[in-house]
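What follows is the residue order along each chain.
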Amino acid sequence: MKSHFYFFFILFLILSNAYSQKPETPQDYLSKDFHKNRREALRNMMPPNSVAVVFANPIRNRSNDVDYVYHQDPNFYYLTGYREPNAMVLIFKDEQTLKEKTFNEVIFVQGRNAYAEMWTGKRIGVVGAQDELGFRVAYSGNEFKSYEIDFSKFDKIIFENFNNDVRDDPRDNADLFNLIESFKEKVSFDLINLNNMSTDKMKVESAKKIDTKMLSAFMTTLREVKTPDELKLLKKAVEISAVGQIEIMKAMHPNMSEAEVQGVHEFVYKKYGAEYEGYPSIVGAGGNGCILHYVENNKMNVGDGALVLMDLGAEYRGYTADVTRTIPANGKFTVEQKLIYDLVYEAQEAGIAAYKIGNGVYEPNKIAIKIINEGLAKLGIIESAKTRHRYLPHGTSHHIGLDVHDPGNYGKFEENMVVTMEPGIYIPEGSDCDEKWWGIGVRIEDDILITKNGPVNLSAMAPRKSDEIEAMMKKNSVLTDFNLPNLD
Ligand code: GLY
Ligand code: MN
Ligand code: MN
């Protein structure tokens, strides 16, 4: 009897293991409890007798009847976990009672629709909003128009202004456009459009009720410090991006195109199950590395003797990395390239050391700029460390999270913030210095977690020191033998 039990137990373990190895779709999204807790945290910040109204991102058109791949608004995602368009959420400071129901939040989502789902994919619908997202009160978007809510009873109605390009889909009477129109009607258009006030008294009353600033300020404070659940996903995004950089280092050769470099990174992050890049990939060879937001990535050969600047970040379950490495196309830095590279590295190291709780978030920037200015002067690229120059036109530090430039108050570093450290030197052709420096563009960017024990470099896996990069580039790549037929 006992041996039977063990037999079935072991069989169960084997089978459950076989079936549990890879779920059909990703299961490691933030939990419904995470989003519920975040709504509670927002509620705690809201003023008395207020309601927060948050909308999903609009669908954006690419051309004709093709839309861009949909991406949820990060604030909406943070508060709800909903990844589909055409939705809104109302979060009340206090318990509300409507038709004998008591609640303090309501979500309106896309209703299930077999025909629409055949074209654009599965919707979770009202039942999904309840079961998967944990909203006790959920409705389909087309119920909002007749939803009995008296906005005038609130002392504050807080929302972000509708400054996005929201278009009306004539085939859908409950799209984001309609939700916003109904909201304006309910709150009274006059109340929102302060320029159109009919009387002075109305103006005063409206101004008191409507607030389009408070919500983003609250969201900034919530989002700038990451919870353990968020850190897990963010770390994964960063590590995936670092592995992508390593694979590029191994595969790089002077005849590779910028687009191929981008492709190697994309292959790696897709293999790990990351959805997209968190921002357009930047792969700039030679002088292209001096263009800060270079996204054409269309140079056919990165070129012998050139540096290749690669700013690449995978987005994993909504969280995006932001990692830059700059490497020599042929595997060896020239003397000039190494001098500039090592200077940027020195600035980055000194900056990272200042990522300490209590230090100002702007502190590393000051430290890095000082080192870079002194170094540039020493190399004779600028006259003195005080000379104004354009070789480092950007700051070195920003928060990352659901956005690559995540909201932050930029006060002092706090535990569990994740902030980039990204000094650079860019010397375009024709710069006012010896031409041996022209075309050198270097940025080194890492994602730093603030902890009680000091900074932790989450992207450290990808080599940063010039000699470590050269050593990595000597390693074999699985792509060396990846030969495709010539189609010319
Ligand atoms: N990749 C954008 C940035 O570094 O800020
Ligand atoms: Mn950055
Ligand atoms: Mn970057």
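Thresholds applied
Residues numbered from 1 in each chain as written. Chains lettered and ligands numbered in written order. Predicted model: local features only at pLDDT ≥ 70, side-chain atom pairs only at ≥ 80, totals over all residues. Heavy atoms only, no water. Core = buried A, V, L, I, M, F, W, Y, C linked by side-chain atoms within 4.5 Å. Buried < 20%, exposed > 50% of the residue type's maximum accessible area, 1.4 Å probe, protein only. Helix = DSSP H or I, 4+ residues; strand = E, 2+ residues; numbered from the N terminus. Contact = heavy atoms within 4.5 Å. Near = heavy atom within 4 Å. Polar contact = N/O pair within 3.5 Å; in protein donor to acceptor, adjacent residues only side chain to side chain. Areas by Shrake-Rupley, 256 points an atom, 1.4 Å probe, with all protein chains shown as cover. Donors = N, O, S within 2.8 Å, 3.2 Å for Na, K, Ca; no water. Tetrahedral: all angles 85-135°; square planar, octahedral: opposite > 155°, others 65-115°.

Visitor: Would you take a moment to explain the nonpolar core for this structure?
Guide: Side chains of a nonpolar character, in soluble globular proteins, are inclined to be buried together. Among the nonpolar cores identified, the biggest contains 58 residues, and Met 252, Met 310 and Ile 425 are the most heavily contacted of them. Considering each element in turn, this core owes the most residues, seven residues, to helix H12 (residues 335-353). Filtering out sequence-adjacent residues up to four positions away, Met 252 remains in contact with Val 261, Val 302, Val 308, Met 310, Ile 327, Pro 328, Ala 329 and Met 473. Counting 47 residues, the second-largest nonpolar core is a separate cluster that includes Phe 76, Phe 218, Ala 237 and Leu 449.

Visitor: Before we go on, may I ask you to explain the site of ligand 1 in this structure?
Guide: The local shell around ligand 1 consists of Tyr 279, Asp 311, Asp 322, His 398, His 405, Glu 422 and Glu 445. His 398 places a side-chain nitrogen or oxygen 3.1 Å from an oxygen atom of ligand 1. In the environment of ligand 1, an oxygen atom lies 2.7 Å from a nitrogen or oxygen atom belonging to the side chain of His 405. Protein burial of ligand 1: of its 200 Å² of free accessible surface, 88% is covered by the chains.

Visitor: Explain the coordination of the manganese ion (ligand 2) here, please?
Guide: A metal bound by six donors in octahedral fashion has ideal angles of 90 or 180 degrees, whereas one bound by four tetrahedral donors has an ideal angle of 109.5 degrees. On the protein side, the manganese ion (ligand 2) has Asp 322 (OD), His 398 (NE2), Glu 422 (OE) and Glu 445 (OE) as donor atoms, found 2.0 to 2.1 Å from it. If you look at the manganese ion (ligand 2), its six donor atoms make angles of 52 to 155 degrees with each other, and the shape they trace is irregular. The sequence pattern describing where the donors of the manganese ion (ligand 2) fall on their chain is D-x75-H-x23-E-x22-E.

Visitor: Would you mind showing me how to read the coordination of the manganese ion (ligand 3) here?
Guide: Within the protein, Asp 311 (OD), Asp 311 (OD), Asp 322 (OD) and Glu 445 (OE) serve as the donor atoms for the manganese ion (ligand 3), at 2.1 to 2.3 Å. For the manganese ion (ligand 3), the six donor atoms are set out with angles of 57 to 170 degrees between them, so the coordination reads as irregular. For the pair the manganese ion (ligand 3) and the manganese ion (ligand 2), the metal-to-metal distance amounts to 3.3 Å, and Asp 322 bridges them. Here Asp 311, found in strand E11 (residues 307-312), pairs with Glu 445, found in the loop between strand E17 (440-443) and strand E18 (446-451); they are 134 residues apart in sequence, far enough to count as distant. The class for Glu 445 is buried, based on a relative accessible area of 0%.

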